[in-house]
Amino acid sequence: MDLGLNNKIIIVTGGAKGIGRAIVEQLAIEGAVPVIVGRNSSDNLQLVQRIETNGGQAWSVKAELTDPKDCQRAVEEVLMRFDGIDGLVNNAGLNDGVSLAGGTYEDFLQSLHYSLIHYYLMAHHCLGGLKKSKGSILNISSKTGETGQGGTSGYAASNGARNALTREWAVELLPHGVRVNALVVAECMTPQYEKWIQHLSNPQETLQKITNRIPLENRMTTVQEIADTALFLLSARSSHTTGQLIHVDGGYVHLDRALISE
């Protein structure tokens, strides 16, 4: 299926690792021009070089997304380079463990900067370009905004807000033909997830318990499965889909608990 993404300029925040990287690589395969926006210029450039070596196109902008001025500058640099934006993938975030009991006001506010505020700022600054192209916004979200997790108030609040903003923006942007959707991730093996697992006293036992609770095939979702759905939502093949929270999670969030493997 031709997704019609050839030469489309798609910004991906946190696009050098994990889910963001998988989306960037798949965009390049489809002929799009992914623009990686993230704080680590070395990681960004290595991925750009890898894509170009394989015959694709990509670009990157170094930006600290917790800094509002950097969010604005990053979008301005993209517009100067390409004179247009066809899509935005808000992906960067951090499950930083800021809890109700253990966090301070400053901790909670910083957590929102890590995982939420730049979602708004990037969309706000991309809006002119997206309206011109009738483009698409995709917010990567997490099950924590719906199920809770415990011990991560800032991250859970950010994801609940990501979901709400997806539908709010979808309504606001209807007159401009800009579609807005969210892709909700549950248990997906990313570098951040792997780091968390390995810091536990019983990583293999914990991972087995988690996968036993994923109804479809009792396995983790792959980053490639997230990327494949992301590209469909960014493309004109999903031209009548907006305001949706799409779960790619093997049924983890919604299927009957009786299906859980013991």
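Please refer to the structure higher up on the page.
Residues numbered from 1 in each chain as written. Predicted model: local features only at pLDDT ≥ 70, side-chain atom pairs only at ≥ 80, totals over all residues. Heavy atoms only, no water.

1. A word on the environment of Gly-15
And then number 1: Along the polypeptide, Gly-15 turns up in the loop between strand S1 (9-13) and helix H1 (18-29).
And then number 2: In the structure, Gly-15 is positioned 141 residues away from Ala-156 in sequence and 21 Å away in space, judged by C-alpha atoms.
And then number 3: The residues contacting Gly-15, other than those within four sequence positions of it, are Gly-20, Arg-21, Val-24, Ile-36, Val-37 and Leu-47. (Helix = DSSP H or I, 4+ residues; strand = E, 2+ residues; numbered from the N terminus. Contact = heavy atoms within 4.5 Å.)

2. Regarding the sheet that holds strand S7 (residues 245-248)
And then number 1: As summarised here, the arrangement of the seven strands in space is S3-S2-S1-S4-S5-S6-S7, forming an open sheet in which the pairing is parallel. At either end of the open sheet lies a strand with only one pairing partner, and these are strand S3 (59-62) and S7. For this sheet, the mean inter-axis angle between neighbouring strands, taken without regard to orientation, is 20°.
And then number 2: Bridge count between S1 and strand S2 (residues 33-38): five bridges; the pairing is parallel. Its bridge partner lying in S2, Ile-10 is registered against Pro-34.
And then number 3: On the sheet, helix H2 (residues 41-53) packs against S2 and S3 and is oriented at approximately 175° with respect to S3.
And then number 4: Strand contacts of helix H4 (residues 105-133): S1, strand S4 (87-90) and strand S5 (136-142), with the helix running at about 175° to S4, the strand carrying the most contacts. (Pairing = 2+ DSSP bridges. Axes fitted to C-alpha atoms, helices over the stretch in contact; angles between N-to-C directions.)

3. Section: the environment of Gln-192
And then number 1: Relative to the assigned elements, Gln-192 resides in helix H7 (residues 191-198).
And then number 2: Along the sequence, Gln-192 and Glu-30 sit 162 residues apart, while their C-alpha atoms lie 26 Å from each other.

4. Thoughts on the packing of aromatic side chains
And then number 1: For the structure on display, the rule yields one aromatic pair.
And then number 2: For the pair Trp-59 and Phe-82, a centre-to-centre distance of 5.5 Å together with 85° between the ring planes defines the contact as edge-to-face. Taken together, the residues span a long stretch of sequence, with Trp-59 in strand S3 and Phe-82 in helix H3 (residues 68-82) at a distance of 23 residues.
And then number 3: The class of Trp-59 is partly exposed, set by a relative accessible area of 22%.
And then number 4: For Phe-82, a relative accessible area of 21% gives the class partly exposed.
And then number 5: Geometry around Trp-59 places Arg-81 over its ring, the cationic atom sitting 5.8 Å from the centre.
And then number 6: Between the NZ or CZ atom of Arg-81 and the centre of the ring of Phe-82, over which it lies, the distance is 4.7 Å. (Phe/Tyr/Trp six-rings, centres within 6.5 Å; stacked < 30°, edge-to-face > 60°. Buried < 20%, exposed > 50% of the residue type's maximum accessible area, 1.4 Å probe, protein only. Lys NZ or Arg CZ within 6 Å of the ring centre and 35° of its normal.)

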